[in-house]
Amino acid sequence: MTAPPTVIRLLAAAFGAGLTVTALAAGPATAQPAPQERAETVRAGYTGSTEDAAANKAFFEAVVKSVAEQRAANPLAAQVTVTYNASRAPSFRTQIANSTSIWNSSVTNVKLASTTGTGNFSYREGNDSRGSYASTDGHGRGYVFLDYAQNQQYNSTRVTAHETGHVLGLPDHYSGPCSELMSGGGPGTSCTNAYPNATERSRVNSLWANGFAKALEKAGAQLR
C-alpha cells in the first residue's frame with residue numbers, strides 16, 4: 001500500500017544515507033564477500049568511534065523505513081513486528097532462533113518474526129576479515145552477516161543477538177562489561193552472555209514505543 005504523502009516526505013528527508021557497516025569485532029577469515037558487495041562497503045572501526053555510531057543509526061533507520069513503508073496504513077499500532085529472512089544463513093539457524101527468542105522475551109514494543117519472503121532485513125553467513133556486522137543497503141533494508149571464524153572464537157548466540165541489537169536501534173559500547181550485550185567482543189572470548197541488560201531493554205522499548213510511527217519520528221529527529 002502506498003504511504004501517505006506526509007510519511008513519504010518524512011522518509012525522503014530522514015533516510016537518504018548510503019551503505020554503512022558496523023562490526024561486532026575483527027575476526028580472522030580466509031575469504032572475502034562478493035566483489036560487488038565488497039566494493040560498496042564502508043568499514044566501521046571496532047573501538048566505538050563516531051563512524052560506528054553513524055553506522056548503527058543508519059541500519060536502524062533503514063529497518064524503520066522498511067517497516068514504515070509496509071505498515072503506513074496502520075501508524076498507531078501499539079507493537080511493531082520486524083521480519084527477517086534467515087535462508088542465507090542455514091548454519092546459524094539455531095543461533096538466530098535463540099537470538100529471536102531472547103529479544104522477544106526481553107522487549108515488548110517490537111517483536112522479531114521469521115519470514116520466507118522479503119523481510120525487513122536478512123541474515124547471511126560466510127567468511128569475512130571484518131568479522132560479523134550489520135549492513136544497510138541504503139534503500140530501506142539491510143542484512144546481518146555472521147562470520148564463520150568469529151562465531152567459533154566468540155559465543156555464537158551472543159554474536160547473533162548483538163548484531164540483531166543494531167536492527168532494533170542499539171549502538172555498540174565495546175568498553176562495557178560482559179553483562180552488556182552491546183559490549184560485543186570487548187569483554188573477550190570468555191564472555192557468553194547473550195541477553196540485553198535492563199538499560200538496553202529499556203532503550204529498545206523507548207525507541208519503538210507507540211509503534212513504528214514513533215520510531216520513525218525519533219529516527220527523523222536524530223537527523224534534523
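Everything here concerns the structure above.
Position labels on residues start from 1 in each chain and follow its written sequence. The predicted origin of the model limits local features to residues at a pLDDT of at least 70 and limits the giving and counting of side-chain atom pairs to 80 or more, whereas totals for whole chains, interfaces and linings rest on all residues. Working from all heavy atoms in the structure, the side-chain values ignore hydrogens and water.

## Here's the deal with the state of the cysteines
(1) Moving on: The disulfide definition used here is simple: a pair of cysteine sulfur atoms within 2.5 Å. Counted under the stated rule, the structure contains one disulfide.
(2) Moving on: Across the disulfide, cysteine 178 is cross-linked to cysteine 191 (sulfur-sulfur distance 2.0 Å). Where cysteine 178 bonds to cysteine 191 through sulfur, the torsion about that S-S bond is close to 90 degrees, and the disulfide is right-handed. Residue cysteine 178 is located in the loop between α6 (156-167) and α7 (198-207), and its partner cysteine 191 is located in the loop between α6 and α7; the two are separated by 13 residues in the primary sequence. Under the scheme used here, helices are H or I runs from DSSP no shorter than 4 residues and strands are E runs no shorter than 2 residues, and both carry numbers assigned from the N terminus.

## Some words on α7
In an α-helix, one turn spans 3.6 residues; hence positions three or four apart end up facing the same way.
(1) Moving on: Any residue under 20% of the maximum accessible area for its type is buried, any over 50% is exposed, and the rest in between are partly exposed; the area is computed with a 1.4 Å probe on protein chains only. Of all the residues in α7, the buried ones are Glu200, Val204, Asn205 and Leu207. The buried residues of α7 occupy one face: seen down the axis, they fall within an arc of 165 degrees.
(2) Moving on: Any pair of nitrogen or oxygen atoms within 3.5 Å is treated as a polar contact; in protein, a donor-acceptor pairing is required on top of that, and neighbouring residues in sequence qualify only through side-chain atoms on both sides. Regarding α7, its N-cap is asparagine 197, as a side-chain oxygen of that residue lies 3.2 Å from the backbone nitrogen of threonine 199 further along. Read the arc as the range of directions from the helix axis to the C-beta atoms.

## Observations concerning the nonpolar core
(1) Moving on: Joining through side-chain atoms within 4.5 Å is the link that ties buried Ala, Val, Leu, Ile, Met, Phe, Trp, Tyr and Cys residues into a set, and such a set is a nonpolar core. Counting residues in hydrophobic clusters, the biggest one holds 30 residues, and the most contacted among them are Val82, Trp103, Val110, Phe121, Tyr123, Val204 and Trp208.
(2) Moving on: Ranked by residues supplied to this core, first place goes to helix α3 (residues 50-70) with four residues.

## A closer look at helix α4 (residues 93-106)
(1) Moving on: In this model, α4 (14 residues) spans 20 Å end to end at C-alpha, consistent with the 20 Å of a helix rising 1.5 Å per residue.
(2) Moving on: Along α4, the positions that sit buried rather than exposed are Gln95, Ile96, Ser99, Thr100, Ile102, Trp103 and Ser106. The buried residues of α4 all sit within an arc of 160 degrees when viewed along its axis, so they share a single face. Along α4, the residues that are exposed and aim more than 90 degrees away from the buried face are Arg93, Thr94 and Ser105.
(3) Moving on: Of the surrounding secondary structure, the elements contacted by the buried residues of α4 are β2 (80-88), β3 (110-114), β4 (121-126), β6 (142-147), α6 and α7. Expected helix span is taken as 1.5 Å per residue step, with the number of steps being one fewer than the number of residues. Residue contacts are counted whenever heavy atoms from the two residues lie within 4.5 Å of one another.

## A closer look at the packing of α4 against α6
(1) Moving on: Look at α4 against α6: their axes get within 9 Å of each other, and the N-to-C directions meet at 55 degrees. What the angle tells us is that α4 and α6 run oblique. Crossing handedness for the pair α4 and α6: right-handed. Every residue of α6 that contacts α4 at Gln95, Ile96, Asn98, Ser99, Ile102 and Trp103 is listed here: Ser156, Thr157, Thr160, Ala161, Thr164 and Gly165.
(2) Moving on: Looking at the contact of α4 with α6 residue by residue, the class counts come to four nonpolar, eight polar and no charged. Lines are fitted to the C-alpha atoms to define the axes, a helix being fitted only along its stretch in contact, and any angle between axes, read from their N-to-C directions, falls within 0 to 180 degrees. In this scheme, roughly parallel covers angles under 35 degrees and roughly antiparallel covers those over 145, while 65 to 115 is roughly perpendicular and the rest are oblique. Two helices crossing with the near one rotated counterclockwise from the far one by less than a right angle form a left-handed crossing, whereas a clockwise rotation gives a right-handed crossing. By the convention adopted, Pro, Cys, Tyr, Trp, Phe, Met, Ile, Leu, Val and Ala count as nonpolar, Lys, Arg, Asp and Glu as charged, and the other residues, Gly among them, as polar.

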